[in-house]
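One-letter residues, chain by chain:
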Amino acid sequence: MGSVLVHTHVVTLCMLLLSLSSILVHGGVPTTLDGPFKPVTVPLDKSFRGNAVDIPDTDPLVQRNVEAFQPEQISLSLSTSHDSVWISWITGEFQIGENIEPLDPETVDSIVQYGRFGRSMNVQAVGYSLVYSQLYPFEGLQNYTSGIIHHVRLTGLKPNTLYQYQCGDPSLPAMSDVHYFRTMPVSGPKSYPSRIAVVGDLGLTYNTTSTVNHMTGNHPDLILLVGDVSYANLYLTNGTGSDCYSCSFSNSPIQETYQPRWDYWGRYMEPLIASVPIMVVEGNHEIEEQAENKTFVAYSSRFAFPSEESGSSSTFYYSFNAGGIHFIMLGAYISYDKSGDQYKWLEKDLASLDREVTPWLVATWHAPWYSTYIAHYREVECMRVEMEDLLYKYGVDIVFNGHVHAYERSNRVYNYTLDPCGPVYITVGDGGNREKMAIAHADEPGNCPEPSTTPDKFMGGFCAFNFTSGPAAGKFCWDQQPDYSAFRESSFGHGILEVKNETHALWIWHRNQDFYGNAGDEIYIVRQPDKCPPVKPEENY
């Protein structure tokens with residue numbers, strides 16, 4: 001009888017612990033298993049429009065505060081796994097004007113001295129350096145040439161370990177202050193970074209500072225910037241800016257940029273990204289056309305990307321691991337056709353995945369496939385048509401996008417249809433740039449755009465035809481908020497992703513106007529590998 005009582009108590013205790021663990025994991029926060037949710041639109045808060053005014057070059061936060069060849073604009077980015085990171089910085093001053101003479105990268109070495117925290121920095125890594133120019137074939141426009149940009153890869157690092165480093169050229173001497181970073185945890189189903197910040201369309205306004213302050217207060221281990229960085233292309237080469245370039249400078253023979261805005265952005269962000277790795281993917285504001293039809297030169301030059309390490313031949317698309325998460329960064333402004341290099345790389349990358357090691361699969365690119373705002377409505381439908389089946393086949397869990405200057409989270413969706421195995425799409429293009437906030441929705445009366453106006457100007461192509469089935473059959477837009485759109489709100493902010501285990505990840509979107517602890521939107525994204533089994537590596541061959 002006593003053994004039966006003991007057994008009963010053990011069973012009761014186990015059930016209680018299971019119940020408590022469920023409460024601890026969810027804490028009253030809804031999960032995707034509770035969905036699909038009825039669409040919610042938060043009414044526009046007209047009292048808060050944000051102060052989206054660019055920080056001027058006179059602000060101490062963006063002024064150069066080093067001398068000669070001392071490093072500035074220091075940033076950190078990840079390689080493909082925990083044992084390697086990239087350190088980047090700039091030495092020397094940029095030049096802008098008609099008569100510019102590029103600096104010689106060979107005049108300064110690219111060296112990082114580093115070691116584990118609390119020990120000597122007796123390990124040294126050597127990298128490479130470059131200079132880029134932004135040149136215009138038109139009289140009267142000012143050309144630009146950068147300082148010397150350095151990229152150094154550190155290897156052989158231990159997982160989840162605090163390191164300290166200095167970068168520069170010790171022979172000059174011109175070394176930076178000591179900075180610190182923590183490596184990612186080892187890849188495995190129970191190993192994850194604590195917090196990943198996700199932000200898009202950041203710019204460099206006083207609203208950007210609010211976003212970055214909030215983001216810093218959340219102590220992220222990693223930052224994803226889903227395109228549109230400095231918005232240097234909202235300026236003429238003489239430094240005159242506008243919220244709407246095409247409106248103000250319609251007679252410009254080429255869309256000019258004011259490249260010093262990149263340097264201002266790098267200086268402003270350094271206190272954060274010299275210690276917290278930032279992973280960037282290109283947006284349309286990084287196109288920056290110049291002489292000889294060159295594009296994306298500043299973007300490709302200023303950041304270090306784990307392209308080569310992840311088998312990519314391009315800075316526009318690459319992948320990396322952060323603990324048990326595999327991130328795929330895709331290019332919306334380079335060929336995404338099934339016959340193209342990016343698609344073939346993506347197929348190979350996905351086929352090599354072992355979801356027993358990295359259960360979570362997160363994809364990122366700039367322009368969203370699932371957005372209900374007028375701004376950029378169905379603009380990259382051709383990309384969706386080409387790539388959606390592949391991402392669905394391999395069980396992508398979450399997709400992050402920017403481009404639309406608002407916040408929106410979808411129900412799980414595939415091919416515009418609610419699907420419990422489809423990804424959750426999250427648009428966070430609300431980082432705080434100087435362009436207007438997206439407010440109007442395409443499903444509201446009189447707001448549906450003319451289809452011919454929707455293709456992306458840079459990529460061309462037109463794939464966004466009228467819907468052939470479902471509630472919007474025969475029409476280009478829905479007549480009400482689509483059922484795939486779970487939550488939308490026009491406010492500046494950023495998001496934090498906290499992966500708890502191999503099945504549960506907490507997503508919190510923070511609005512700039514709220515206190516730090518408040519959540520504008522909060523949900524547990526739950527994977528169901530039994531119900532939606534991802535493709536296994538052996539199935540690919």
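Residues numbered from 1 in each chain as written. Predicted model: local features only at pLDDT ≥ 70, side-chain atom pairs only at ≥ 80, totals over all residues. Heavy atoms only, no water.

If you look the protein chain up in an unreviewed UniProt entry, it shows as Purple acid phosphatase from Medicago truncatula. As stated in UniProt under Subcellular location (unreviewed entry), the record for the protein chain gives "Secreted". As recorded by UniProt, the Subunit (unreviewed entry) comment attached to the protein chain reads in full: "Homodimer." (UniProt positions renumbered as here; feature names shortened; annotations may be inferred.)

Undergrad: Hey, could you run me through unusual backbone geometry in this one?
TA: Backbone geometry follows two general trends: most residues other than glycine have a negative phi, and most peptide bonds adopt the trans configuration. Omega for the peptide link from Gly-35 to Pro-36 comes to 5°, which places this bond in the cis form. Of note, the bond from Leu-172 into Pro-173 is cis; its omega dihedral lies within 30 degrees of zero at -15°. Along the chain, Pro-173 turns up in the loop between strand 11 (162-169) and strand 12 (174-175). Its identity as a non-glycine residue notwithstanding, Glu-288 has a phi of 45°, on the positive side. Position of Glu-288 relative to the elements: it lies in the loop between strand 16 (278-280) and helix 5 (297-302). (Helix = DSSP H or I, 4+ residues; strand = E, 2+ residues; numbered from the N terminus.)

Undergrad: Would you mind showing me how to read the packing of helix 2 (residues 206-217) against helix 4 (residues 260-273) here?
TA: To describe two helices that pack against each other, one gives the angle between their axes and the distance between the axes. With their axes 11 Å apart at the nearest point, helix 2 and helix 4 run at an angle of 10° to one another. In terms of axis orientation, helix 2 runs roughly parallel to helix 4. Counted together, Thr-208, Thr-209, Val-212, Asn-213, Met-215 and Thr-216 of helix 2 and Tyr-268, Met-269 and Leu-272 of helix 4 form the full contact between these two elements. When the residues that make up the contact of helix 2 with helix 4 are grouped by side-chain class, the tally is 5 nonpolar, 4 polar and no charged. (Axes fitted to C-alpha atoms, helices over the stretch in contact; angles between N-to-C directions. Parallel < 35°, antiparallel > 145°, perpendicular 65-115°, else oblique. Contact = heavy atoms within 4.5 Å. Nonpolar A, V, L, I, M, F, W, Y, C, P; charged D, E, K, R; others polar.)

Undergrad: Can you walk me through the pattern of salt bridges in this structure?
TA: Any two side chains of opposite charge can pair, given that their charged atoms come close. The tally for this structure, following the rule as stated, stands at 23 salt bridges. With its nearest N and O atoms 2.5 Å apart, the salt bridge here joins Glu-388 to Arg-384. In this pair, Glu-388 and Arg-384 both sit in helix 7 (residues 381-393), 4 residues apart, roughly one turn of the helix. Between Arg-527 and Asp-397 there is a salt bridge, with the nearest N and O atoms lying 3.2 Å from each other. In this pair, Arg-527 is assigned in the segment after strand 28 (521-526) and Asp-397 in the loop between helix 7 and strand 20 (398-401), connecting sequence segments 130 residues apart. (Salt bridge = Lys/Arg side-chain N within 4 Å of Asp/Glu carboxyl O.)

Undergrad: Would you explain the packing of helix 6 (residues 341-351) against helix 7 in this entry?
TA: At a minimum axis distance of 11 Å, the contact between helix 6 and helix 7 shows a crossing angle of 5°. Between helix 6 and helix 7, the interaxial angle falls into the category roughly parallel. From helix 6, Gln-342, Tyr-343, Leu-346, Glu-347 and Leu-350 reach across to helix 7, where they touch Glu-386, Met-387, Leu-390 and Leu-391. Considered class by class, the residues forming the contact of helix 6 with helix 7 number 6 nonpolar, 1 polar and 2 charged.

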